[in-house]
Structure formats: structure tokens, C-alpha cells
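Chain and residue survey
Now for the letters of each chain:
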Amino acid sequence: MKYKRILLKLSGEALMGDRQYGIDPHRLEEYAEDIAAITKLGVEVAIVIGGGNIFRGVAGASNGMDRVQGDHMGMLATVINGLALQSALEDAGIPTRLQSAVHINQVAEPFIRRKAMRHLEKGRVVIFGGGTGNPYFTTDSAAVLRAIEIEADVILKGTRVDGIYNTDPEKDRTAVKFDHITFDDVLRKGLKVMDTTAFTLSQENELPIIVFDMNKKGNLLKVVSGEKIGTKVNL
């Protein structure tokens, strides 16, 4: 395996499958199988998952809700998704711990860096819920922050497209895919990989990002093995 410790970033919307909202059990099972496959090969896996399939704080704020309240609701949505993924992983035979930046001691451990790293060393998957624990920060920012804290080798951003393109490939058939691109080029071209706060934090800490299609069976294993899947962003 090319990478020993990874931070996998999944969007909440990815868990919807073909549904309009909520969690698709079939999609959840597919993700759990792919994550289990690399864990059994010795890769240490941490996961940050969004909550957009349940609630988005920004959407709530746009409809008149207090932004801070909305973001706190979004944080709780990520914990719900974390619980669902934890259950699916344990069904696949992988010991998993859910840590939350928002204290919900009945269902998740509080985030403690050293404890998280110890779990990883013991072969457990660690899911980080609750975002950063602060409003106005996205789960992209949480993913980069946690990756830096646990000393991950790379951030793997699982999406529904197979990399970074110069335009939206779902709208433009002539869109050109980048196999590799630098942080500076992403900023210069105005490409959307992560929100600016998260992306800048990753750049400053020289933490590479690989954007790939998580919905294609076996892609996660290929990425971790070092195959040229998706788009790699680094210095």
C-alpha cells in the first residue's frame, strides 16, 4: 500500500444513493465493503462525513434560520451519518469508533487526538463526527484539520465524479480532466476542490488531496495502492 494512514472525506449526499434525502442502505453497505477491504490490508483509516443528506446549515440560514443554530443542526446530522456508517462497518467485521467534536457521550466518544491515533494503530476505523464543533466551518475544513492532527499521509475526497475538471463534467461534455494539479494552479484557475479555508489549510501543511469517484467499486483500493485514479493535488 502506498499510503499507511488516510483521511477519507465523504459527503452526506453520497449516502443518499438514488434517493432524494436520507440514507440508502445499499450505498452504505458498498462503502463499508470498500473501506473494510483496505483496512484488512493494514491501511489505517479515518473518516469525516458530511450531513447534507439530512440538513445543511447554509440552506437553513438562506430560509431565515439563525446560521449558528443551523450549523449546529448540521453537526448533529454528521453524527447520525457517522452512526450509520459505524454500524455498516461493524457488520462488515471492522471495529470502528465514532468520535464527535460535539459532546454526545451516550453515542460517541469525545474527540481526543491521542485516543484517535491509538485506535488507528490498533486497526480500528475512526469516524470523526460533529465537524470542527464550531459554526461557519464546513466538514471539508474538519477533514483537513483532523487529517493534520492524526498525521495522515493523504486526504482522499470521495465524490461522484472521477477527478477534477476544468468545468463541470456533468454539464459540459468537453470538460478536460486533470490527472495531477498543484495547489497554486487550482487557485489560479478558480477550480472548486474544497472550500477556501480547508484548501488553504491543506496547502500550508503540504497535505496532498486526491479527488476520485468513490461510487465505483474497488476505486478506493486502487487509490490507496498508488494507481493513478482521480486527480492528485499537491505542491
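All values derive from a computational prediction rather than experimental measurement.

With numbering aligned to this structure, UniProt lists the feature "binding site: UMP" (unreviewed entry) at Gly-51, Asp-71, Thr-132, Gly-133, Asn-134, Pro-135, Tyr-136, Phe-137, Thr-138 and Thr-139. If you trace the backbone, Gly-51 turns up in the loop between strand E2 (44-49) and helix H2 (57-62). Those residues within four positions of Gly-51 in sequence are excluded, and the remaining contacts are Gly-12, Ala-77, Thr-78 and Asn-81. Within the secondary structure, Pro-135 sits in the loop between strand E5 (125-129) and helix H5 (139-149). Once you skip the residues sitting within four places of it in the chain, Pro-135 turns out to touch Val-68, Asp-71, His-72 and Met-75.

This next bit is on the pattern of salt bridges. Applying the stated criterion across every chain, the model contains 13 salt bridges. Connected through shared salt-bridge partners, Lys-9, Asp-140 and Lys-157 make up one network.

Here we take up the UniProt feature "domain: Aspartate/glutamate/uridylate kinase" (unreviewed entry) in the protein. Within this numbering scheme, the UniProt entry marks residues 4-213 as carrying the feature "domain: Aspartate/glutamate/uridylate kinase" (unreviewed entry). Split by type, residues 4-213 is 39% helix and 20% strand. Its first and last C-alpha atoms lie 20 Å apart.

Let us now look at the sheet that holds strand E4 (residues 109-110). Picture the strands of a sheet paired through backbone hydrogen bonds; they go either parallel or antiparallel. Overall, mixed pairing links the nine strands, which are arranged E4-E3-E5-E2-E1-E6-E10-E11-E9 in an open sheet. Of all the strands in the sheet, the pair left with one neighbour each is E4 and strand E9 (180-182). Seen against the sheet, helix H1 (residues 25-39) touches strand E1 (5-10), E2 and E5 and runs at an angle of roughly 150° to E2. The strands touched by H5 within the sheet are E1, E2, E5 and strand E6 (154-159), with E1 carrying the most contacts at an inclination of about 175°.

Turning our attention to the nonpolar core. Across soluble globular proteins, nonpolar side chains show a tendency to be buried alongside one another. Ile-6, Leu-8, Ile-35, Ile-47, Leu-89, Leu-156 and Leu-220 are the most contacted members of the largest nonpolar core, which has 34 residues in total. Residues within four places of Leu-156 in sequence aside, it is in contact with Ile-6, Leu-7, Leu-8, Lys-9, Ile-210, Phe-212, Leu-220, Val-223 and Val-224. Formed by 30 residues, the second largest nonpolar core is a distinct cluster that contains Met-117, Phe-178, Phe-183 and Leu-207.

Attention shifts here to the environment of Thr-132. Topologically, Thr-132 is positioned in the loop between E5 and H5. When its relative accessible area of 15% is taken as the criterion, Thr-132 is described as buried. Considering only alpha carbons, one finds Thr-132 and Ala-101, 31 residues apart in sequence, at a separation of 6.0 Å. Every residue in contact with Thr-132, bar those within four places of it in the chain, is listed here: Ala-101, Phe-137, Ser-141, Ala-142, Leu-145 and Arg-146. Here the side chain of Thr-132 touches Asn-134 through a polar contact of 3.2 Å, landing on its backbone nitrogen.

Now for unusual backbone geometry. Backbone phi values are negative for most residues with the exception of glycine, while trans is the configuration of most peptide bonds. Even without being glycine, Tyr-136 reaches a positive phi, approximately 75°. Relative to the assigned elements, Tyr-136 resides in the loop between E5 and H5. A positive phi is found at Glu-206, a non-glycine position, where the angle reads about 50°.

Turning our attention to the pairing of E6. With respect to burial, E6 is a largely interior element, five of its six residues being buried. Pairing of E1 with E6 involves five bridges; the strand directions are parallel. By the bridge assignment for E6, Leu-7 is matched with Ile-155. The pairing of E6 with strand E10 (residues 209-213) spans five bridges and is parallel. In the sheet register, Thr-159 faces E10, and the bridge partner there is Asp-213.

Time to look at the pairing of E10. With five of its five residues buried, E10 lies for the most part within the structure. Burial along E10 is two-sided: the residues Ile-209, Val-211 and Asp-213 and Ile-210 and Phe-212 are all buried.

Another point: the packing of aromatic side chains. Summed over the entire model, instances satisfying the criterion amount to two aromatic pairs. On the basis of an interplanar angle of 80° and a centroid distance of 5.5 Å, the ring pair of Phe-111 and Phe-128 is categorised as edge-to-face. Of this pair, Phe-111 sits in the loop between E4 and helix H4 (113-121) while Phe-128 is found in strand E5, placing the two residues 17 residues apart along the sequence. The cationic tip of Arg-146 hangs over the ring face of Phe-128; the distance from NZ or CZ to the ring centre is 5.9 Å.

Definitions and cut-offs
Residues numbered from 1 in each chain as written. Predicted model: local features only at pLDDT ≥ 70, side-chain atom pairs only at ≥ 80, totals over all residues. Heavy atoms only, no water. UniProt positions renumbered as here; feature names shortened; annotations may be inferred. Helix = DSSP H or I, 4+ residues; strand = E, 2+ residues; numbered from the N terminus. Contact = heavy atoms within 4.5 Å. Salt bridge = Lys/Arg side-chain N within 4 Å of Asp/Glu carboxyl O. Pairing = 2+ DSSP bridges. Axes fitted to C-alpha atoms, helices over the stretch in contact; angles between N-to-C directions. Core = buried A, V, L, I, M, F, W, Y, C linked by side-chain atoms within 4.5 Å. Buried < 20%, exposed > 50% of the residue type's maximum accessible area, 1.4 Å probe, protein only. Polar contact = N/O pair within 3.5 Å; in protein donor to acceptor, adjacent residues only side chain to side chain. Phe/Tyr/Trp six-rings, centres within 6.5 Å; stacked < 30°, edge-to-face > 60°. Lys NZ or Arg CZ within 6 Å of the ring centre and 35° of its normal.

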